[in-house]
Each structure stands twice: as C-alpha cells, then as structure tokens.
Amino acid sequence: MKISVIGTGYVGLVTGTCLAETGNEVVCVDVDAQKVEKMRKGEVPIYEPHLDVLFERNIKSERLTFTTSLKEGLMHGEIIFLALPTPADEDGSADLSYVLGVADQIGGLISQYKVIVDKSTVPVGTADKVKETIAMKAACDFDVVSNPEFLREGFAVNDFLKPERIIVGSSSKRAIGLMKRLYNPFVRSGNPILIMDEKSAELTKYAANSFLATKITFMNEIANYCEKVGADVDKVRIGMGTDSRIGKRFLFPGIGYGGSCFPKDVKALLNSGKKEEYNFKILDAVIRVNEHQKKILIPKIKTFFNNDIKGKTLAVWGLSFKPETDDIREAPSLDVIEELLSLGARIKAYDPEAMDNVSKKYGDKIELVNSMYDAIENSDALIICTEWSLFRTPDFNKIKSEVREKVIFDGRNLYNIKDIEKEEISYFSIGRNDVIAN
Ligand code: UDX
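The name that an unreviewed UniProt entry assigns to the protein chain is UDP-glucose 6-dehydrogenase, with the source organism given as Aquimarina hainanensis. Quoted verbatim from the Sequence similarities (unreviewed entry) heading of the UniProt record, the comment on the protein chain is "Belongs to the UDP-glucose/GDP-mannose dehydrogenase family." Under the UniProt heading Catalytic activity (unreviewed entry), the entry covering the protein chain gives this text: "UDP-alpha-D-glucose + 2 NAD(+) + H2O = UDP-alpha-D-glucuronate + 2 NADH + 3 H(+)".

Asks: When you look at the overall build of the protein chain in this model, what are you seeing that I'm missing?
Replies: For the protein chain, the count of helices and strands is 18 helices and 14 strands. Relative to the globule expectation of 22 Å for 438 residues, the C-alpha radius of gyration of the protein chain, 24 Å, shows essentially globular dimensions. With respect to the principal axes defined by its C-alpha atoms, the protein chain has extents near 75 × 45 × 40 Å.

Asks: Help me understand the confidence of the model for the protein chain, please; the structure alone is not making it clear to me.
Replies: A low pLDDT score tells you not to read the predicted coordinates there in detail. Of all residues in the protein chain, 100% attain a pLDDT of 70 or more, and the chain-wide mean is 96. Interface confidence for the predicted complex, expressed as ipTM, amounts to 0.92; the pTM equals 0.94.

Asks: It is not clear to me how the domain arrangement of the protein chain should be interpreted in this structure. Could you clarify?
Replies: For the protein chain, the assigned domains are domain 1 (2–196), domain 2 (205–293) and domain 3 (297–428). Spacing between the C-alpha centres of domain 1 and domain 3 amounts to 38 Å. Taken residue by residue, the interface counts 4 residues in domain 1 and 7 residues in domain 3. The class makeup of the residues in the side of domain 1 that touches domain 3 is 2 nonpolar, 1 polar and 1 charged.

Asks: Whenever I open this one, helix H9 (residues 198–229) confuses me. Can you help?
Replies: Spacing of three or four residues puts side chains on the same side of an α-helix, whose turn is 3.6 residues. Along its 32 residues, H9 runs 47 Å from first to last C-alpha, staying within 8% of the 46 Å computed at 1.5 Å per residue. Once H9 finishes, Gly230 follows within two positions and takes phi at roughly 80 degrees, a positive value.

Asks: What should I look at first to understand the site of the ligand in this one?
Replies: Lining the immediate environment of the ligand, one finds 19 residues, of which Glu153, Phe252, Tyr257, Gly259 and Cys261 sit closest. The element contributing the most residues to the shell around the ligand is H9, with 3 residues. Residue contributions to the shell around the ligand reach at least three from each of two domains, namely domain 1 (2–196) and domain 2 (205–293).

Asks: What's the story with the sheet that holds strand E10 (residues 346–350) in this structure? I'm lost.
Replies: What the 6 strands build is an open sheet, ordered E11-E10-E9-E12-E13-E14; its pairing is parallel. Only two strands of the sheet have a single partner each, and these edge strands are strand E11 (367–368) and strand E14 (426–428). As defined by bridge partners, strand E12 (residues 381–384) adjoins strand E13 (residues 407–410) across 3 bridges and the pair is classed as parallel. Residue Leu382 lies in a different strand from E13, and its bridge partner there is Ile408. Sheet strands in contact with helix H13 (residues 297–304) are E12, E13 and E14, and its direction is about 165 degrees off that of E13.

Asks: What exactly am I supposed to notice about unusual backbone geometry here?
Replies: In most cases, non-glycine residues show a negative phi, while peptide bonds are predominantly trans. The phi angle at Asn307 is positive, at roughly 65 degrees, despite the residue not being glycine. Looking at the secondary structure, you find Asn307 in the loop between H13 and strand E9 (313–317). Positive phi, close to 50 degrees, is recorded for Asn413, a residue that is not glycine. Tracing the sequence through the fold places Asn413 in the loop between E13 and helix H18 (417–423). By the C-beta count within 10 Å, which is 20 here, Asn413 ends up buried.

Asks: Which parts of the structure should I look at to understand the UniProt feature "domain: UDP-glucose/GDP-mannose dehydrogenase C-terminal" (unreviewed entry) in the protein chain?
Replies: The feature "domain: UDP-glucose/GDP-mannose dehydrogenase C-terminal" (unreviewed entry), as annotated in UniProt, sits at residues 315–417 in this numbering. The span residues 315–417 is 31% helix and 17% strand, and its two end C-alpha atoms sit 21 Å from each other.

Asks: Which parts of the structure should I look at to understand the packing of H9 against helix H11 (residues 262–275)?
Replies: Two packed helices can be described by the angle between their axes and the distance between those axes. At a minimum axis separation of 9 Å, H9 and H11 run at an interaxial angle of 115 degrees. Comparing the axis directions of H9 and H11 gives the class roughly perpendicular. Viewed along their axes, H9 and H11 form a crossing whose handedness is left-handed. Counting all contacts with H9, which are made through Tyr206, Asn209, Ser210, Leu212 and Ala213, the residues of H11 involved are Phe262, Asp265, Val266, Ala268 and Leu269.

Asks: Help me understand the nonpolar core, please; the structure alone is not making it clear to me.
Replies: The nonpolar side chains of a soluble globular protein tend to be buried with one another. Of all hydrophobic cores here, the largest spans 122 residues; its most connected members are Val14, Leu82, Ile116, Val316, Leu382 and Ile383. Take this core: its biggest share by element is 8 residues, from H9.

Asks: Got a minute to help me understand the pairing of E13 in this structure?
Replies: The side chains of a regular strand alternate between the sheet's two faces. Neither face of E13 is exposed, since Val407 and Phe409 on one face and Ile408 and Asp410 on the opposite face are all buried. One crossover worth recording links E12 to the parallel E13 by way of helix H17 (residues 396–402), and it is right-handed. Looking at chain direction, E13 and E14 are connected through 3 bridges and run parallel. Following the sheet pairing, Ile408 is matched in E14 by Tyr427. Following the chain from E13 across H18 to the adjacent parallel E14, one finds a crossover that is right-handed.

Asks: Would you mind going over the packing of H11 against helix H12 (residues 281–293) with me for this structure?
Replies: As a packed pair, H11 and H12 sit with axes 9 Å apart at the nearest point and diverge in direction by 145 degrees. Considering the relative orientation of H11 and H12, their crossing is left-handed. Touching Val266, Lys267, Leu269 and Leu270 of H11 are Leu283, Asp284, Val286 and Ile287, all from H12. Grouping the amino acids of the contact of H11 with H12 by side-chain chemistry returns 6 nonpolar, no polar and 2 charged.

Asks: Before we go on, may I ask you to explain the environment of Phe250 in this structure?
Replies: Inspection of the secondary structure puts Phe250 in the loop between helix H10 (233–241) and H11. For Phe250, a count of 16 C-beta atoms within 10 Å puts it in the partly exposed group. Through-space distance from the C-alpha of Phe250 to that of Met219 is 8.7 Å; in sequence the pair is 31 residues apart.

Asks: How do you make sense of the environment of Arg346 when you look at a structure like this?
Replies: Locating Arg346 in the fold gives a position in strand E10. Residue Arg346 is classed as partly exposed on the basis of its C-beta count, with 17 C-beta atoms lying within 10 Å. Distance in space between the C-alpha atoms of Arg346 and Pro148 is 42 Å, their sequence separation being 198 residues.

Thresholds applied
Residues numbered from 1 in each chain as written. Predicted model: local features only at pLDDT ≥ 70, side-chain atom pairs only at ≥ 80, totals over all residues. UniProt positions renumbered as here; feature names shortened; annotations may be inferred. Helix = DSSP H or I, 4+ residues; strand = E, 2+ residues; numbered from the N terminus. Rg over C-alpha atoms; globule rule 2.2 N^0.38 Å. pLDDT = per-residue confidence, 0-100. Domains from an automatic or database assignment. Contact = placed C-beta atoms within 7 Å. Nonpolar A, V, L, I, M, F, W, Y, C, P; charged D, E, K, R; others polar. Expected span 1.5 Å × (residues − 1). Near = placed C-beta within 6 Å. Pairing = 2+ DSSP bridges. Axes fitted to C-alpha atoms, helices over the stretch in contact; angles between N-to-C directions. Buried ≥ 20, exposed ≤ 12 C-beta atoms within 10 Å, placed from the backbone. Parallel < 35°, antiparallel > 145°, perpendicular 65-115°, else oblique. Left-handed = near helix turned anticlockwise from the far one by under 90°. Core = buried A, V, L, I, M, F, W, Y, C linked by C-beta atoms within 7 Å. Right-handed = clockwise from strand over helix to strand, strands pointing away.

Below is the structure:
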C-alpha cells in the first residue's frame, strides 16, 4: 500500500520504517531539511535497537523515502499518518498546534480520498477537531482515524512488528477496511485489531499509560512502607504478582517513572478531566508521589554523609530514563543530579547511550566519563539511576578500591541483598533491608 507519515520523530520513524519493512511504499515528511538530508543518506536520527538495520534495508530498496514537501507526501499516500509532537502546555494539557496546523494544510492540498490517521497521543475529541479542520478546506472525501501507538522505547521495533493489539478508532467502513488491510500482516499470531469509536481509542492510550504509571507508583509507595516496617518489597512484589489479576510486570519499585510518555500523559489526562469538571484524584496523587519518589535516595545519601555532601565526588551510573534508550526526558537521574549539585557535590557520570544528551543539558556542570569504572575513580559514593544490563554484574573489588566510602545507593534494586552482604559494601536500595558495612 502507499503510505505517508508526517513527522519523523520517534513514533513517525518507527512507524514509517516498520510499514516499509512489510512491503509498503512509505514516504516520510519532515519540515527539518537537514534531518531529511541525513535520513536520505541512511542516518537514523534516534537510538533505537534494530531500527538502523531496517532503516538501511528499506532505504536501499526505495520502499522508504523522505521529503520536506507536505504536498508530495499527501499526493503519495492513501493512508496518511500524523505522527506530530503533542508537547505539554504550561498547564500540562497536550498542545495540539502541530497536529491542527498540519490538518489545516491537508484540507487545502488533498484532491482524492485519503485516510488521515492520528498516531500521536492526543486528547479525547482530537479526531473530531482534525476532521472539522480538514473539512473546512477539503474538496474531496476523507476519513480521520484514531490509531494510538503503544511503543516502548528500546523495544519499539518489536512492539510495532508484533503488537499485543492494534486500536483503530473510526466510524467509517471504508477507513476501517484500509486500516485492517494495512495491519493484518502484523497480527497473524491472532492478536486483535480492536475497532472502536474515535473517542474511546483516544482515551484507551491515556488510560493504559496512566494505569501503568499508577501501578508503578503504587508499588513505589509499598516499597517506601516496606522500609518503615522492615519488610522486603521483592518478596511482596513476587507474592502480589503471582496473582494473575495483578500480574508480574510493572511492579518494579525504583526512583520513579520518567520518559516522554508517562509524565506527559498522566498530566494531560488529569487536565482533560479538569476541563470536563472531572477531578482524577488518583492521577493527582500519582504525579505527586512520583515527584517525591524521584528524590527518594537523597535523604539516604544525606544521612550517610551526616548532611555534609559539599565537595563530595559522587559517581552516577545511568542517566537515561530507562535502559536501551538515549532519552533523558523527565529522567529521574536529572532530579537526583540537580539535587546533589545544589548540595555542593561534584558529579562524575556515565551512561552507555545518553551522554550526548546530558552533555547538551549540563555542559561542564557535571563530568561525563567514558566508562562505568572511570566514573567511580576517586569517588566518595556510587549512585545508580538506570538499570542498564552492564551495571548488573560489576567488579565489586573495583568498587571497593575506588569508592572511598564503599557505598552504593541503588535506585533500581540491581543487586541481590545476600550477594552484597558478602561484599562488605554499604548498600541502600528501595524497599529492601539496607546493608551497612562495618
Ligand atoms: C511507555 C508505554 O509502556 C508505551 O506503551 C507507551 O506507548 C509509551 O510509554 P516507555 O516510555 O518507552 O513506554 O517506557 P516503559 O518501559 O513503559 O517505562 C516507563 C517508565 O516506568 C520508566 O521510567 C521505567 O523506568 C519505569 N518503570 C517501569 C518502573 O519504574 N518500574 C516498572 O516496573 C516498570
């Protein structure tokens, strides 16, 4: 099929590349001419495992091409994906100016039937607004479909190629038929394409992300309480997770959720509720608990150093908001680092992928080093913010010889308490029994 994708951010790029991989002819449109030029040469603008291989293959076979011309993009595709940014407004609501701006142009440019697909995460009612905006200028038939993405960073290619479900929000038989034809190759395993109305599709995305953020946050509160009463959150987590109604996933406590989706979507749903005079009390609590959770290691660090952090050199392992991405948006590591800088600490940090992004943000305010062991050299303590696999089996002898106070503050519960006890390292994690070395 002929597909166009407007916007080559994270979602657009993965969508375009994976649709090309299944034999469609895909044209990606972006206003950024430099970016388009680079993509034409095969340069992937983001880090996402496996995307580079698919990208190169489909560019070579000319199934995946790029342009800055919206008109060209619209002429090409029978299905037009809108994968445009929906950043948070000052009040946390989703800013629809990019989506509606492009919708306005589409109206004046299309001359034959098109299916316009909202792929971005947009508030309930956006499909209707897009429809109205296009209709003001359109001289031909068109349909607007809500088709939210559920891609996890780091697993986006796999999530796209083997989705657990595909949501298609539309009331048009013609559009539904085309969407099914496009997506059938991805659900051969029997996973469903769920057809629903546009509003329900839009809300499904917010509800799913807000529920997952709530699940993590609930577990974070249980972990904090475990520390008060001397219980072990790992045992509680497994005990709870074996109940199939709860499930084992997304119960890992830590220094809070981050990223480009959960924080933005929870706030946006809360704000959409307010506009309808509905107060999502749970979401309000989730946001507050998560903000607090991001700094949950700070009192532990302060107590360990008797409130004297000034001049201490603190090594930080992991800066991205989660492993397998270079994304630092809303990363808890940034909250930890900023708090420690304000207390006068010197930060030496390492991350396998996110160093460029952190360097752009902090310049020389923190020292970025080339390896996890360079970070601990001549440090006073080690703080772990992201659970990269690389950090799971470190050389504890090196930690003991380099980290002056022989202490780890682990925001992601990477190590087994029993193993750590043998190492004679002081160890502070989340919701488990702290190990204080003699
Ligand atoms: C999420 C959704 O999973 C995806 O479906 C949606 O489309 C986009 O948002 P992503 O932001 O890539 O994907 O990250 P995800 O793997 O879901 O993790 C989100 C955050 O929760 C991370 O900060 C992670 O560290 C945290 N998390 C996750 C926990 O703290 N504990 C857990 O048990 C799971």
